[in-house]
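Chain by chain, the residues run as shown.
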Amino acid sequence: MKVHQAEIVISAVAPAQYPDTNLPEIALAGRSNVGKSSFINTLIDRKNLARTSSKPGKTQTLNFYLIEQALHFVDVPGYGYAKVSKTERAKWGKMIETYLAERQQLRAVVSLVDLRHAPSQEDIQMYDFLKYYEIPVIVVATKADKIPRSKWNKHESRVKKALSFDANDTFILFSAVTKQGKEEAWQAIEEAIK
């Protein structure tokens, strides 16, 4: 998809604030510093529509981005960030869970993991949660440019093994720096919103 129009429409914390449209939604979930904002910005060819922050854990709301008047990207608060109190984390958890489990417009979740490291406990929980609720999932392994190409297979296998990856799901190696995986990501998203 060639994106000419993209804007943030609302930052929501409760269902009453979600956009009242029937547009399909693609949620983006991942650890605080996995590169979600960079992923969004790469896909929509913008430098900073989604704010990248040197302080992880900044997104504390569900941010709805309207893309080409055709779909919403929903940026979910990053998980696994230590500087946030347990009560805050529990609040986010509830908010994320409510959105993912109950939102009719949700078509798929892009679950971002860092290719350089084995998936965290939270990454695994997120994947299991999506499988449990039968929500289509697209696993995007970010920061591929930070690993020599010759080691991609090894890292990919490690991620898939840790997640008990379902071969029916889509797995994409991605780099915001080289744009590796951008086309595949759009293909998977377009497939999901058909």
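To keep things clear, this report deals only with the structure shown in the data block. Keep in mind the model is a prediction, meaning the values are calculated, not measured. (Residues numbered from 1 in each chain as written. Predicted model: local features only at pLDDT ≥ 70, side-chain atom pairs only at ≥ 80, totals over all residues. Heavy atoms only, no water.)

**Concerning the packing of aromatic side chains**
1) Next: Applying the stated rule across the entire model yields nine aromatic pairs.
2) Next: Their ring planes at 25° and their centres at 5.7 Å tell us that Phe73 and Trp186 sit as a pair that is stacked. Separated by 113 residues along the polypeptide, Phe73 in strand 4 (residues 71-75) and Trp186 in helix 5 (residues 182-193) bring together distant segments of the chain. Here the two residues Phe73 and Trp186 agree in accessibility, since each one is buried. (Phe/Tyr/Trp six-rings, centres within 6.5 Å; stacked < 30°, edge-to-face > 60°. Helix = DSSP H or I, 4+ residues; strand = E, 2+ residues; numbered from the N terminus. Buried < 20%, exposed > 50% of the residue type's maximum accessible area, 1.4 Å probe, protein only.)

**Points about the nonpolar core**
1) Next: Counting residues in hydrophobic clusters, the biggest one holds 35 residues, and the most contacted among them are Tyr99 and Leu100.
2) Next: Taken together, the elements giving at least two residues each to this core come down to strand 2 (25-30), strand 3 (62-67), helix 2 (86-102), strand 5 (106-114), helix 3 (121-132), strand 6 (137-142), helix 4 (152-163) and strand 7 (170-173).
3) Next: Excluding residues that lie within four positions of it along the chain, Tyr99 makes contacts with Tyr18, Glu25, Ala27, Leu62, Phe64, Val74 and Leu106.
4) Next: One finds Ile40, Val110, Val140 and Ile189 within the second-largest nonpolar core, a separate group that totals 26 residues. (Core = buried A, V, L, I, M, F, W, Y, C linked by side-chain atoms within 4.5 Å. Contact = heavy atoms within 4.5 Å.)

**Considering the environment of Thr61**
1) Next: Within the secondary structure, Thr61 is located in the loop between helix 1 (36-43) and strand 3.
2) Next: Here the alpha-carbon distance between Thr61 and Pro77, two residues 16 residues apart in the chain, equals 6.1 Å.
3) Next: When neighbours within four sequence positions are excluded, Thr61 is seen to be in contact with Ser11, Ala12, Val13, Asp75, Pro77 and Met95.
4) Next: Of note is the side chain of Thr61, whose polar atom sits 2.8 Å from the side chain of Asn63. (Polar contact = N/O pair within 3.5 Å; in protein donor to acceptor, adjacent residues only side chain to side chain.)

**With respect to the pattern of salt bridges**
1) Next: Under the definition given, this model contains ten salt bridges.
2) Next: Close ionic contact of Lys2 with Asp45 constitutes a salt bridge, the shortest N to O distance being 3.3 Å. A residue pair is termed long-range when its members are at least 10 positions apart, and Lys2 in the segment before strand 1 (6-12) and Asp45 in the loop between helix 1 and strand 3 qualify at 43 residues.
3) Next: The exposure class assigned to Lys2 is exposed, which follows from its relative accessible area of 55%.
4) Next: Across the pair Glu191 and Lys194 runs a salt bridge whose closest N-O atoms are separated by 3.0 Å. (Salt bridge = Lys/Arg side-chain N within 4 Å of Asp/Glu carboxyl O.)

**Examining the environment of Val13**
1) Next: By secondary structure assignment, the location of Val13 is in the loop between strand 1 and strand 2.
2) Next: Judged by its relative accessible area of 45%, Val13 is partly exposed.
3) Next: Here the alpha-carbon distance between Val13 and Gln125, two residues 112 residues apart in the chain, equals 22 Å.
4) Next: Residue contacts for Val13: discarding those within four places in its chain leaves Gln60, Thr61 and Met95.

**Some remarks on the sheet that holds strand 6**
1) Next: Here we have seven strands laid out as an open sheet, ordered 1-3-4-2-5-6-7, and mixed in their pairing. Each of the sheet's edge strands pairs with one partner strand only, and the pair in question is strand 1 and strand 7. Adjacent strand axes in the sheet meet at a mean angle of 25° when their direction is disregarded.
2) Next: Sheet analysis places strand 2 next to strand 4, joined by four bridges and oriented parallel. The residue of strand 4 that forms the bridge with Glu25 is His72.
3) Next: Against the sheet, helix 3 contacts strand 2, strand 5 and strand 6, and its axis sits at roughly 160° relative to strand 5. (Pairing = 2+ DSSP bridges. Axes fitted to C-alpha atoms, helices over the stretch in contact; angles between N-to-C directions.)

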